[in-house]
Amino acid sequence: MSIPNHILEQLNSQADLISIIGRHTTLKRAGSEYKGCCPFHGERSPSFYVNPQKNIYHCFGCNVGGNAISFLRDYESLTFIEAVNELSKQTGIEVPKDEQRNVSYQRRASKPIPPSVPSPTVDRHSAAQTAHTPSVVSNLSNQGASQLGYNDQPAYDDSNGYDDYPPLDPYDSTPYPIDTYGAEYQNDTENGYPPAWLTETAMGLSGDSSSHAEQDGNLYELLNQIQQFYQHNLTTHPHAKHYFMTRGITQETFETFGLGYAPFGWQHLEHQFPQDIEGLKALGLVRQSESGRDYDLLRDRVIFPIRDNQGRTIGFGGRALDDDVKPKYINSSDSPVFHKQHVLYGYYESRQQRAEHWLVVEGYMDVIALYQAGIYGAVASMGTAINESQISRLLTLNPTLTLSFDGDSAGQKAAWRTLEVALPVLADDKELRFLTLANGHDPDTFIKANGSEAMREQIANAKPLSQYIFAYLSERYDLALAEGKAKLMSQVRSLTTALPKGSSFRYLLNNDIYQKLGGKRSQNVEAKDALLDFDGDMTISQQLQLCFLFQPRVLQEDTIESIWQKAGINRLDFPAHIKQKAPLDAFRPLAWEDLQDTALLDVVNTIKRCLFYLPTDANAAAHFIMSNLQPITQETLSRSWGAFYKTLTTRNILSVDELIENLVMQLLKLNMQRKMQDLIKNPDHVRLAIVRKQTQLLNDWMRAQQAEQSASMISV
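Residues numbered from 1 in each chain as written. Predicted model: local features only at pLDDT ≥ 70, side-chain atom pairs only at ≥ 80, totals over all residues. Heavy atoms only, no water.

What follows covers the sheet that holds strand 16 (residues 400-404). In spatial order, the strands read 15-14-16-17-18; together these five strands make up an open sheet with mixed pairing. Pairing within the sheet leaves two strands with one partner each, and these edge strands are strand 15 (378-380) and strand 18 (463-464). Bridging between strand 14 (residues 358-361) and strand 16 involves three bridges; their strand directions are parallel. Looking across to strand 16, one finds that W358 is bridged to L401. Here helix 17 (residues 452-460) sits on the sheet and contacts strand 14, strand 16 and strand 17 (431-435); the angle it forms with strand 17, its principal contact strand, is near 130 degrees. (Pairing = 2+ DSSP bridges. Helix = DSSP H or I, 4+ residues; strand = E, 2+ residues; numbered from the N terminus. Contact = heavy atoms within 4.5 Å. Axes fitted to C-alpha atoms, helices over the stretch in contact; angles between N-to-C directions.)

Next comes the structure, spelled out in structure tokens:
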């Protein structure tokens with residue numbers, strides 16, 4: 001039985017290697033990896049590491065290493081075929097039953113193709129509108145999903161300290177090539193050929209069109225040539241490039257994502273690749289109408305190449321230039337190298353930038369806009385809801401995953417479906433957050449209107465799963481009636497049964513919703529709800545400034561320094577070589593000045609100066625503080641203060657201590673993320689190791705705080 005290399009690569013990249021190995025040894029998170037005692041040899045100190053990004057393992061004690069197939073074969077004593085079949089069941093990736101579904105196809109001598117142009121009586125856009133009518137095209141699909149992989153370096157940090165962290169060179173240099181499975185399972189292919197649009201033959205100037213007719217073609221190489229052809233078309237079709245330019249795309253982004261244009265016309269691919277008709281049909285890029293005539297799937301559309309985990313082009317997404325053309329988006333169909341249910345757009349590009357935080361968005365342009373703004377880790381499925389295996393993989397890379405969907409009915413239905421899909425893989429140490437941007441924005445339009453920093457704040461302030469469930473269901477039931485509350489609670493209990501067995505979150509979520517439906521609530525919860533009701537568009541900094549005006553005496557102690565101590569960051573012990581190389585200020589707690597927020601710093605410093613002169617009355621004290629602020633800060637706060645003060649006093653809220661701490665934690669988290677991005681762009685490995693360890697402790701403490709607050713509620 002011959003199994004194509006690309007199928008083996010997909011099986012290995014999609015396998016849940018952590019779970020497979022976790023059946024035989026205990027694995028604990030160590031930075032961006034997992035480590036444990038090696039199952040292949042007896043040891044007391046863990047030296048066995050699993051990298052979930054590359055989906056490989058390596059033991060620094062006995063030097064054993066490999067991927068999912070090799071582990072099943074070498075440790076569980078499965079045959080190669082048994083291991084492949086087992087991974088096929090786990091991942092849902094079909095192993096072909098015959099040898100025809102591979103990456104090779106028969107090239108043939110080109111034949112003359114009659115020119116194909118639209119009728120002169122039909123304009124370009126009306127012709128495009130009729131290009132996909134049912135009589136011509138069947139089963140046009142605009143769906144996709146993800147194949148995940150990683151070509152990154154392992155992170156330096158280690159949750160259990162640095163002293164026992166192994167050297168990186170042998171780990172990263174271990175290639176684990178798939179040819180270790182045995183040559184009998186491999187399918188060799190011939191080399192490719194230069195882009196057709198660069199050759200004299202393609203231009204009809206010279207050459208023998210049948211010179212490569214007997215040579216087998218390779219689908220990956222053909223896709224690469226097509227991608228170059230589409231990309232080249234942007235230079236000869238200014239209107240297509242103008243579309244991208246109006247969306248704010250830079251030249252660097254053009255190159256990074258390989259954006260292109262499929263020209264208008266029914267058979268441009270057959271004209272450019274006359275020897276590769278079989279390959280074009282295998283890829284679904286050339287189809288046949290009911291009348292038996294071949295035609296190109298993508299016409300007069302800007303092109304988004306879709307890549308696998310190795311960066312190879314495996315398909316294309318095309319968007320119509322005219323919004324009236326339906327469907328607006330078309331993706332190339334499944335092929336031997338492209339399985340939509342295993343692909344996430346933007347995943348490869350994000351891994352190239354060593355993304356640490358992951359965000360699922362709805363569209364190609366959202367991914368590109370976030371990437372261009374320096375916010376890496378955004379991915380999109382292609383017309384379908386993200387599936388359970390994709391969510392599980394992203395949560396393995398980072399325990400917090402944010403989902404950003406449009407605020408319209410369709411967007412929120414998609415968000416809810418995703419929530420239901422995610423619950424079975426949402427262990428207690430994983431977190432799902434939901435981001436719905438205000439005023440009908442999506443990430444692309446929000447960044448253009450507000451900038452990248454505002455977008456980062458929105459992501460950091462995304463709703464936790466518990467809040468999203470209540471907000472979503474409370475709009476669908478009449479909570480003024482006992483019947484409405486009972487129906488909502490019934491649906492919550494039904495949802496939580498899908499959580500993993502033994503989940504603590506199941507009890508906490510039920511309890512939390514119950515309290516929201518009428519149980520006694522804490523001042524902190526009331527204050528947070530009041531703040532959200534008052535103005536949902538305020539930034540974290542603006543919310544914090546108003547809270548400081550409401551309760552200025554909280555600054556008698558430094559809130560940042562207090563959080564630093566509670567999280568244990570001040571007690572971090574680094575190895576000697578880190579201490580020697582690090583500058584003195586690398587270990588100090590963050591200060592208000594480090595947040596680089598002029599207005600917030602003005603409020604904090606003014607309160608500290610005026611602290612002993614403030615009136616007892618909260619409203620009077622706030623006006624005293626505002627009178628001493630810089631004019632621009634004063635003007636901004638004075639517009640919001642009156643309504644904010646009235647909202648809190650109406651609810652009889654006297655203290656916002658916990659809310660202030662929560663807002664400061666979010667600002668610290670944002671600041672640490674920015675520092676890591678800067679240190680990755682301008683490498684400083686010592687500082688990066690320190691900041692990563694500090695960030696990890698801060699995140700762990702924040703999660704513990706949230707769990708403690710939920711657990712402290714009155715039980716149902």
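Attention now moves to the nonpolar core. Ranked by size, the top nonpolar core spans 100 residues in total, and within it I226 and L394 carry the most contacts. Ranked by residues supplied to this core, first place goes to helix 7 (residues 219-236) with eight residues. Not counting the four nearest positions on each side in its chain, L394 is found in contact with L344, Y347, W358, V360, V379, I386 and L401. One finds L590, V603, I607 and L659 within the second-largest nonpolar core, a separate group that totals 48 residues. (Core = buried A, V, L, I, M, F, W, Y, C linked by side-chain atoms within 4.5 Å. Buried < 20%, exposed > 50% of the residue type's maximum accessible area, 1.4 Å probe, protein only.)

Right, let's talk about helix 25 (residues 598-610) for a bit. Here helix 25 spans 18 Å end to end across 13 residues, near enough to the 18 Å set by a 1.5 Å rise per residue. Of the surrounding secondary structure, the elements contacted by the buried residues of helix 25 are helix 22 (540-550), helix 26 (618-627), helix 27 (631-650) and helix 28 (657-681). Its side-chain oxygen placed 3.3 Å from the backbone nitrogen of A599, D597 serves as the N-cap of helix 25. (Expected span 1.5 Å × (residues − 1). Polar contact = N/O pair within 3.5 Å; in protein donor to acceptor, adjacent residues only side chain to side chain.)

Looking now at a nonpolar patch on the surface. Taken together, F612, Y613 and F624 make up a surface patch of nonpolar side chains, about 420 Å² in accessible area. Take Y613: its relative accessible area is 62%, and that puts it in the exposed class. (Patch = residues over 30% accessible without salt bridge, like charges linked within 9 Å, V, L, I, M, F, W, Y side chains within 5 Å. Areas by Shrake-Rupley, 256 points an atom, 1.4 Å probe, with all protein chains shown as cover. Salt bridge = Lys/Arg side-chain N within 4 Å of Asp/Glu carboxyl O.)

Time to look at the sheet that holds strand 2 (residues 33-36). An order of 1-2-3-4-5 is seen for the five strands of this open sheet, with the pairing classed as antiparallel. Edge positions in the open sheet fall to strand 1 (28-30) and strand 5 (65-66), since each of these has one partner strand only. The sheet contact formed by strand 3 (residues 48-51) and strand 4 (residues 56-59) spans four bridges and is antiparallel. From the neighbouring strand, V50 faces strand 4, where its bridge partner is Y57.

Relative to the assigned elements, F405 resides in the loop between strand 16 and helix 15 (409-422). What makes F405 buried here is its relative accessible area of 10%. Counting along the chain gives 42 residues from F405 to G363, while the straight-line C-alpha distance between them is 9.7 Å.

Once that is clear, we can look at the packing of helix 18 (residues 465-474) against helix 20 (residues 504-516). In contact at an axis separation of 10 Å, helix 18 and helix 20 are set at 45 degrees when each is read in the N-to-C sense. As the angle between them shows, helix 18 and helix 20 are arranged oblique. Between helix 18 and helix 20 the crossing geometry is right-handed. Across the interface between the two elements, L465, S466, I469 and F470 from helix 18 touch F505, L509, D512, I513 and K516 from helix 20. The residue inventory of the contact of helix 18 with helix 20, partitioned by class, reads six nonpolar, one polar and two charged. (Parallel < 35°, antiparallel > 145°, perpendicular 65-115°, else oblique. Left-handed = near helix turned anticlockwise from the far one by under 90°. Nonpolar A, V, L, I, M, F, W, Y, C, P; charged D, E, K, R; others polar.)

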